[in-house]
Amino acid sequence: MARRIQAWFANRFAMITAVLVLVYLFVPVAYTFAFSFNNYRKTNITWNSEGSPTLKHWKDPCGAPGICEALVNSIQIGAIATLVATILGTLLAFALVRYKFIGRGAGNIMTFIPMATPEIVLGASLLTIFVQGFSNVGLKLGFWTIVIAHIMFCISFVVVTVKARLQSLDPRLEEAAQDLYAGPGATFWRVTFPLVLPGIVGAAMLSFSLSFDDFIITNFVSGSETTFPKFVYVSYLRGIPAQANVIGFSMFAIAVALVIGGQLIGNARKPK
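Note that the structure is predicted; figures quoted are calculated from it, not measured.

Caption draft 1: Quick look at the state of the cysteines. Going through the model one piece at a time under the given rule, you end up with one disulfide. One disulfide in the model links C62 with C68; its S-S distance is 1.8 Å. Its S-S torsion of approximately -80 degrees makes the covalent link between C62 and C68 left-handed.

Okay, structure coming up:
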């Protein structure tokens, strides 16, 4: 009997482990979703059985003062940082993979430095640069200092993601296009770019997620400007409103929908 139980666990160990890990990962998400229906009074940390669950927070997600302003700031900052970081990071990835130049090895190493450096160190360093280096030219802590900081750390993730995609491409595809008398421009736009595009889109989605979610660096360089993570942190000190749970879970649901949609589109485009 003991051997049969041992064999049963051995055959299903990977599946059981995966289920436990997924449960562990999604417990905070479930908590966020559940407490978006809490009819809280002063604080949303404990469940209020009187009047709960309620849909009033989903009907008015901007009911908490300042929450939608912080959300709009985070979306705008994330969009700008993602656009700039994706363009610069993609160009840098092409340069590091496709061209040989002096300092190429150092460039590969330096792209990892922002990823490996603790965020609190980056935040403190950027704060010093902005205050001591750029205050004389009129750059004050606020919206644009957050954007600059987010672009800086997002570029590294874009470079790594796009580089991986470029290095996995079969060079014979581009050689075949050139054998068919396609010029460098036509080869790039008709062969190379469509093949690299999934990596670029993935890098852009990752950049937006990192920018939208960042708190530590943002807290150093934001001044009086408020983003959604900063709003949640400040609210935690006096009680997180349920509207923050509504917005947080909604962003999670949108991200999951985009991933699933991308996977379905990718599977549909695969040759049968």
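Next comes the rest of the account.
Caption draft 2: The environment of I129, seen in detail. The topology assignment puts I129 in helix α7 (residues 119-133). With a relative accessible area of 41%, I129 lands in the partly exposed category. Spatially, the C-alpha atoms of I129 and W47 are 44 Å apart, while their sequence positions differ by 82 residues.

Caption draft 3: Layout of the nonpolar core. Judged by nonpolar contacts, the single largest core of 28 residues is most densely connected at L126, V162, L166, V196, I217 and V221. Secondary structure elements with two or more residues in this core: α4 (67-98), α7, α8 (143-167), α10 (184-213) and α11 (216-221). In terms of residues, this core owes the most to one element, α8, which gives 12 residues. Once you skip the residues sitting within four places of it in the chain, V221 turns out to touch G123, L126, L127, F130, L141, G142, T145, I146 and A149.

Caption draft 4: How the structure looks around helix α2 (residues 13-35). An ideal rise of 1.5 Å per residue puts 33 Å on 23 residues; α2 measures up with 33 Å between its terminal C-alpha atoms. F26 marks where α2 bends most, by close to 40 degrees; the proline P28 follows one to four residues later.

Caption draft 5: Representation of the packing of aromatic side chains in the model. As enumerated under the stated definition, the model contains 17 aromatic pairs in all. Relative to F37, the ring of F33 has its centre 5.0 Å away and its plane inclined at 85 degrees; by these criteria the two rings are edge-to-face. For F37, a relative accessible area of 16% translates into the label buried. Where F37 meets W58, the ring centres are 5.8 Å apart and the plane angle is 25 degrees; that geometry is what we call stacked. Placement of the pair is F37 in the loop between α2 and α3 (56-59) and W58 in helix α3, with a sequence separation of 21 residues.

Caption draft 6: Focus on α10. Helix geometry: α10 is bent most strongly at F193, by close to 50 degrees, with proline P194 lying one to four residues after it. Of all the positions in α10, only T187, V191, T192, V196, G199, I200, A203, S207, S211 and F212 are classed as buried.

What counts, and at which threshold
Residues numbered from 1 in each chain as written. Predicted model: local features only at pLDDT ≥ 70, side-chain atom pairs only at ≥ 80, totals over all residues. Heavy atoms only, no water. Disulfide = S-S within 2.5 Å. Helix = DSSP H or I, 4+ residues; strand = E, 2+ residues; numbered from the N terminus. Buried < 20%, exposed > 50% of the residue type's maximum accessible area, 1.4 Å probe, protein only. Core = buried A, V, L, I, M, F, W, Y, C linked by side-chain atoms within 4.5 Å. Contact = heavy atoms within 4.5 Å. Expected span 1.5 Å × (residues − 1). Bend = angle between axes of the 7 residues up to and from the residue. Phe/Tyr/Trp six-rings, centres within 6.5 Å; stacked < 30°, edge-to-face > 60°.

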